[in-house]
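# Structural description and commentary
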Amino acid sequence: MAHTLLPSHYRRFLLNERTMDKPISPNTYRAETVPFDSKPGPGQALVKVNYLSLDPGMVIWIRESRFTYTPPVPLGSVARASGLGTVIQAGEGSTFKPGDLVSGILGITEYAVLDDALLTKHELIPGAKPLDFLGPLGATCGLTAYFGIFEVAQVKPGETLVVSGAAGAVGSLACQFGKKAGCKVVGIAGTDAKCDYLKNELGIDVALNYKSPTFHDDFDRDVGFWDAYFDNVGGDITDFLTTRMNRFARVALCENSSSYSGILKNIMEFVVRSGRIQGFIVFDYVDKFDAAIKQISGWLEDGSLKSKYHIVDGLERLPEAFSLLFSGGNTGKL
Ligand SMILES: NC(=O)c1ccc[n+]([C@@H]2O[C@H](COP(=O)([O-])OP(=O)(O)OC[C@H]3O[C@@H](n4cnc5c(N)ncnc54)[C@H](OP(=O)(O)O)[C@@H]3O)[C@@H](O)[C@H]2O)c1
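Here the structure is a predicted model, which means the values were calculated and not measured.

## Let's talk about a nonpolar patch on the surface
A cluster of nonpolar side chains, contributed by Ile267, Met268, Val271 and Val272, occupies part of the molecular surface with about 390 Å² of accessible area. For Met268, the position within the fold is in helix H7 (residues 268-272).

Below, the structure is given as C-alpha cells:
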C-alpha cells in the first residue's frame, strides 16, 4: 500500500489577541511550528490544507461582540478559516478516502484532523476547478451572493440593482447574478481599474468609482434611482444610496461589522418609500444550498459566470494577506 509522506513538523496560526479597534494587528495571530503527531480517530479524516479562504467576516470570529452569529475562536486555539484540502488518511469507519477533495472550516494550519460531519466532499464538475468550491460554489462567496440577490433582494427583470464592494469576491458574483436576473446592474468600486473590470469583463451596465469627487453627480447622471441594493460595505455609500431609493426598494445587508458603523442615516427614507432592509447570514439558507450549487454549476459549465482569484502563497504571509481585505487590495476572491 502506498504511504503519503508525512512531514516531521507543520505550521499553524493561533489566535493570540482579540483585536477590537481594527480588523487585524501584528499581535492578532501567532505562528507556530509543531511536531506532526496528527492521526485521524474513528469517523475522522486527516486533511492536508491546500487553500484557505480569507473572508472579511473572520474579523467577527476573532471578537467577543454581540454582533456575531457564532461563538468566537478561543484565545490560543487554531485560528478559524474555511479552506479546501485533500484527505490523506481516513480513520476507522470514515466515509472519506485518501485523495478526496474536501472543504470545511479547516483552520489556519497546514494539516487538520476533523470529524467527517465537518467536511464536505466535492466532485469536480465540467467547467469548474477545485478552487471554485471556495469561490462561486463556496458558502461565504458565491452562495452569499446568490441568496442575497435572489432571496433577500428578490430582484426582478428590468429593475435597477446596485452592488457596493462590486469588484470583490461576493460583489462580482452578485453583479453577475443580477445580470442573469435581467436587471440593470450598477457596480460601485474603489478604483478605475476595478470599474473597467466590472464593465468590460463582467459586462455590467454602469460602474462608478466611489472615491471620485464626482461620485454623487455621476450616480445621478448614470443611474438616478434604484430598486434593489446589495450592500457589502455600509458607511457613506449606503447613506447616500438610501436617498436615491425607488418605492418598494429592497436592501440586502451583507456587510461585516468592521466596515459598518452600525448607524444607518436616512432611516425615514424607508418609511416614505415603503422600502425594506434585510440583513442575512448565508447559513440562513442551508436547506437551499444544493439547489443553488446546481444552478451555479450550470453557469460555470456553460462558461457564463466569471470569477477571479487573488492567491497569496505561503501560510506565513497570512497577516499581510488578511490586511488586503480592508484596503481593497485584493483583486478577486482572496
Ligand atoms: N452575510 C453573510 O452571510 C456574508 C457571507 C460572506 C461575506 N459577507 C460579507 O460580504 C462582504 C464582501 O466580502 P468579500 O469576500 O467579497 O470581500 P472582498 O473580496 O474583500 O470585497 C469587498 C470589497 O469592498 C470594498 N471595501 C472594503 N471596505 C470598504 C469600505 N469601508 N467602503 C467601501 N468599500 C469598501 C473593497 O474594494 P474597493 O477597492 O472597491 O474599496 C473590497 O475589495 C464583506 O462585508 C463580508 O463580511 C457576508
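## What about the pairing of strand E4 (residues 83-90)?
The pairing of strand E3 (residues 44-52) with E4 spans seven bridges and is classified as antiparallel. When the bridges of E4 are listed, Ala45 appears paired with Ala90.

## Overview of the environment of Lys194
With respect to the helices and strands, Lys194 occurs in helix H4 (residues 192-201). Between the alpha carbons of Lys194 and Ala207 there is a distance of 8.5 Å; along the sequence they are 13 residues apart. For Lys194, the contacting residues outside a window of four places in its chain are Ala167, Ala189, Gly328 and Asn330.

## Brief notes about the layout of surface pockets
Its boundaries defined by the atoms lining it, the second largest pocket holds a volume of some 600 Å³. Every residue lining the second largest pocket is counted, 27 residues in all, and those nearest its centre are Ser103, Gly104, Thr120, Ala139 and Phe283. For the lining of the second largest pocket, the elements supplying multiple residues, two or more each, are strand E5 (101-104), strand E7 (120-122), helix H2 (139-152) and helix H8 (289-301). In the lining of the second largest pocket, the residues fall into 15 nonpolar, ten polar and two charged. Composition of the lining of the second largest pocket by domain shows at least three residues from each of domain 1 (9-128 + 309-327) and domain 2 (139-284).

## Focus on the sheet that holds E7
Spatially, the five strands line up as an open sheet ordered E6-E3-E4-E5-E7, and their pairing is antiparallel. In the strand order of this sheet, the two ends are held by strand E6 (111-115) and E7, each with one partner. The sheet shows a mean angle of 45 degrees between the axes of neighbouring strands, direction not considered. Relative to E7, E5 runs antiparallel, the two sharing three bridges. Looking at E7, one finds that Leu101 is bridged to His122.

Quick notes on the rules
- Residues numbered from 1 in each chain as written.
- Predicted model: local features only at pLDDT ≥ 70, side-chain atom pairs only at ≥ 80, totals over all residues.
- Heavy atoms only, no water.
- Patch = residues over 30% accessible without salt bridge, like charges linked within 9 Å, V, L, I, M, F, W, Y side chains within 5 Å.
- Areas by Shrake-Rupley, 256 points an atom, 1.4 Å probe, with all protein chains shown as cover.
- Salt bridge = Lys/Arg side-chain N within 4 Å of Asp/Glu carboxyl O.
- Helix = DSSP H or I, 4+ residues; strand = E, 2+ residues; numbered from the N terminus.
- Pairing = 2+ DSSP bridges.
- Contact = heavy atoms within 4.5 Å.
- 1 Å grid on protein atoms, 1.4 Å probe; cavity = no way out; pocket = protein on both sides within 12 Å on 5 of 7 lines; lining within 4 Å.
- Points joined across faces, edges and corners; volume = space filled by probe spheres on them.
- Nonpolar A, V, L, I, M, F, W, Y, C, P; charged D, E, K, R; others polar.
- Domains from an automatic or database assignment.
- Axes fitted to C-alpha atoms, helices over the stretch in contact; angles between N-to-C directions.

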